[in-house]
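Structural characterization, general
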Amino acid sequence: MSAGTHDASARSAGYGFLLRQLVARDFKTRYKRSVLGVFWSLLNPLMTMGIQYVVFSALFSGQVADYPLYLLSGIVCFNFFTEAAGAALTSVTGNAALITRVHVPVEVYPVSRVLSAAVNLLFSLLPLLTAALLTAGLPGPSVLLLPLGLAFLALTALGVGLGLATMMVYFRDTQFLWGAVSMLWMYLTPVFYPVSILPEGLRRLLMLNPLYHVITFVRTLLLDGRVPGPGTWLGCAASAGLSMLLGGAVFTRHRDEFVMYL
Amino acid sequence: MIRVNDLSICYRMPRDRATSVKEYALRRLRGPVRYEEFWALRDVSFTARRGEVLGVVGPNGAGKSTLLRTVAGILRPTSGTVALEGTVAPMLELGSGFDYELTGRENIYLNGAFLGYSKAFLDEKYDRIVDFSGLGQFIGAPLRSYSSGMVMRLAFSVAAAVRPDVLIVDEILSVGDGEFQARSAERMRELMRGGAAVLFVSHSLDQVAELCDRALWLEGGRVRELGDARSVCGAYRAGGGS
């Protein structure tokens, strides 16, 4: 028997209940003192889209069919990614008081943050799906693959978030670094510009960007109404898999040490 | 049942720790990071059987809190093992996990989830928890409107809702007003006598001598003495213990 024996006996219920409680807490406190409440999750991507549409439509409208939908789908996906990874980043340091006092597996904190972001994502899907209905018409059966695309996205974000949360424990400037990196990442991802404006060399480099594959997956479903090609599937699986593998490995390697650095 | 075997805990901290990526990079250029070791516990062994109350005494910095945290599973042993059987109730830092924006009711569930209770268990005990806390209609109000005494009453009521097999107690709390203090102390004694294996840290030697069967005297992270509660307390008192 080892130190781990607490778990098996005392926790027959598992951590599902705790995760649900944490996500519900995030949801309730987030909107408790705001007038528009949950509507922010709907409005936020629409406002960003409005601004970027005004700025970029003259440039790109001719090159992309359904540019507003192209823009909105990119924004919703990318916003979720930065929100989830950013929330996971502070999840360990932000819960220091709990981690040093209560015995629950540390991964509960980043996972609950990403799940909370996913709840917000569900709300921002509302304007996205409405826009898809208005521009591309009634979606075909391929739209049923959308949850899968979002799962790829969430796993990619969780993996990155786990790595960032670990780094944050040791280096408190990770937060600011991530602010700059995520900004750069946005410009390196075709959120508001079409891939076609990139020169050949850069386009090949885009293959290394996990978000490119995931956003392409979602856009193929919503804009073209068809099932993404094998390259995109492979890209998505690799993004989610590698991200979880690397982030998870870094996190599990260091998590027992967190308590001493908090 | 609590069984602790040759338990050692070492805090390993980098000497002049870098707290930013920039600093770290600069340090690495200058040479490898050196670590400083501090052994908070060294080769500690003991068992507490069901129905047995084991008191832990020792001066500040002896490793008492580290021991409690390790048994509660928060710290991981550097070497040695900690084995527990059954439901564990750590009565440490009550109210961790409370969210002051949420109502008393919502916090019962949130805090309960942190303590590892299931939803069914909380549904069943909910009325009794509210009754015990004596919060009445305030249970529907957000915690930020509570007085600190009310928060502690709620925290204690949630923590004391279980009948644990292993109970970890850091001082018998005196929270709330006089009436609640008496009730919470009574409930604590009830839990301690209720057949659990109890690990009880206190600075009050009188309480240890009164409530415990055996006592463990820690000093500098090592076991100085382990045995009958009265004689260990007597030796500790005589041996210059505070």
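Structure: above.
Everything in this summary refers to the structure shown in the same document. (Residues numbered from 1 in each chain as written. Chains lettered and ligands numbered in written order. Predicted model: local features only at pLDDT ≥ 70, side-chain atom pairs only at ≥ 80, totals over all residues. Heavy atoms only, no water.)

1. Section: a nonpolar patch on the surface
For clarity, the cut-off: Note that patches include only residues with greater than 30% relative accessible area and no salt bridge, and the join distances are 9 Å for like charges and 5 Å for nonpolar side chains (Val, Leu, Ile, Met, Phe, Trp, Tyr). For every accessible area listed, the method is Shrake-Rupley and the probe measures 1.4 Å; residues are considered covered only by the protein chains on display. Each salt bridge in this description consists of a side-chain nitrogen of Lys or Arg and a carboxyl oxygen of Asp or Glu lying within 4 Å of one another. Exposure is judged per residue with a 1.4 Å probe applied to protein chains only, and the accessible area is read against the type maximum: over 50% gives exposed, under 20% gives buried, and values in between give partly exposed.
A surface patch of nonpolar side chains, amounting to about 680 Å² of accessible area, comprises Val35(A), Leu36(A), Phe39(A), Trp40(A), Leu43(A), Leu46(A) and Met47(A). For Leu46(A), a relative accessible area of 35% puts it in the partly exposed group.

2. Points about the nonpolar core
As a reminder of what qualifies: Put simply, buried Ala, Val, Leu, Ile, Met, Phe, Trp, Tyr and Cys residues joined by side-chain atoms within 4.5 Å make one nonpolar core. In this analysis, two residues are considered to be in contact whenever any of their non-hydrogen atoms come within 4.5 Å of each other.
Counting 161 residues, the largest nonpolar core has Ile2(B) and Phe200(B) as its most contacted members. Apart from the residues lying within four places of it in its own chain, the contact partners of Ile2(B) are Phe46(B), Thr47(B), Ala48(B), Val71(B), Ala83(B), Leu84(B), Val166(B), Ala197(B) and Leu199(B).

3. Focus: the packing of aromatic side chains
Residues and elements named next belong to chain A. Our working definition: In this analysis, rings of Phe, Tyr and Trp, with Trp reduced to its six-membered ring, are considered paired at centre separations within 6.5 Å, and the interplanar angle assigns stacked below 30 degrees, edge-to-face beyond 60, and tilted for intermediate values. Helix and strand definitions follow DSSP, with helices as H or I runs of at least four residues and strands as E runs of at least two, each counted in order from the N terminus.
Scanning the model with the defined rule gives 26 aromatic pairs over all chains in all. Between phenylalanine 217 and tryptophan 233 the ring centres are 5.0 Å apart and the planes differ by 80 degrees, which places this aromatic pair in the edge-to-face class. Of this pair, phenylalanine 217 sits in helix 11 (residues 210-224) while tryptophan 233 sits in helix 12 (residues 230-261), and the two are 16 residues apart along the sequence. On the basis of relative accessibility, which here comes to 0%, the residue phenylalanine 217 falls in the buried class. Assessed through its relative accessible area of 27%, tryptophan 233 is described here as partly exposed. Put simply, the rings of Tyr53, Phe56, Phe60, Tyr67, Tyr70, Tyr187, Phe192 and Tyr193 pair up and form one aromatic cluster.

4. Details of the sheet that holds strand 1 (residues 2-14) of chain B
Put simply, the rule reads: Strands were regarded as paired on the criterion that DSSP finds at least two bridges between them. Helix axes use the C-alpha atoms of the stretch in contact, all axes being lines fitted to C-alpha atoms, and the angles between their N-to-C directions lie in the range 0 to 180 degrees.
In space, the three strands of this open sheet follow the order 2-1-4 (chain B), with antiparallel pairing throughout. Whereas interior strands pair on both sides, the edge strands pair on one side only; in this sheet they are strand 2 (35-48) and strand 4 (79-84) of chain B. The mean inter-strand angle of the sheet, taken between neighbouring strand axes irrespective of direction, is 30 degrees. Across five bridges, strand 1 of chain B lies against strand 4 of chain B in antiparallel orientation. Of the residues in strand 4 of chain B, the one forming a bridge with Val4(B) is Val82(B). The strands touched by helix 12 of chain A within the sheet are strand 1 and strand 2 of chain B, with strand 1 of chain B carrying the most contacts at an inclination of about 75 degrees. Each of strand 1, strand 2 and strand 4 of chain B touches helix 2 (residues 64-71) of chain B; the most contacted strand, strand 1 of chain B, lies at about 115 degrees to it.

5. Description of the environment of Leu94(B)
All names here are of chain B. Topologically, leucine 94 is positioned in the loop between strand 5 (88-91) and helix 3 (104-114). Taking the relative accessible area as the measure of exposure, leucine 94 reaches 14% and is therefore buried. For the pair leucine 94 and glutamate 179, spaced 85 residues apart in sequence, the C-alpha to C-alpha distance is 19 Å.

6. Overview of the pattern of salt bridges
Going through the model one piece at a time under the given rule, you end up with 16 salt bridges over all chains. Its salt-bridge partner being Glu83(A), residue Arg30(A) comes within 3.3 Å of it at the nearest N-O pair. Residue Arg30(A) is found in helix 2 (residues 16-32), and its partner Glu83(A) is found in helix 4 (residues 67-89); the two are separated by 53 residues along the sequence. In this structure Glu83(A) comes out as partly exposed when scored by relative accessible area, which is 29%. Residue Asp165(B) pairs with Arg50(B) through a salt bridge whose shortest N-O separation is 3.1 Å. Of this pair, Asp165(B) sits in the loop between helix 5 (148-159) and strand 6 (166-170) while Arg50(B) sits in the loop between strand 2 and strand 3 (53-57), and the two are 115 residues apart along the sequence.

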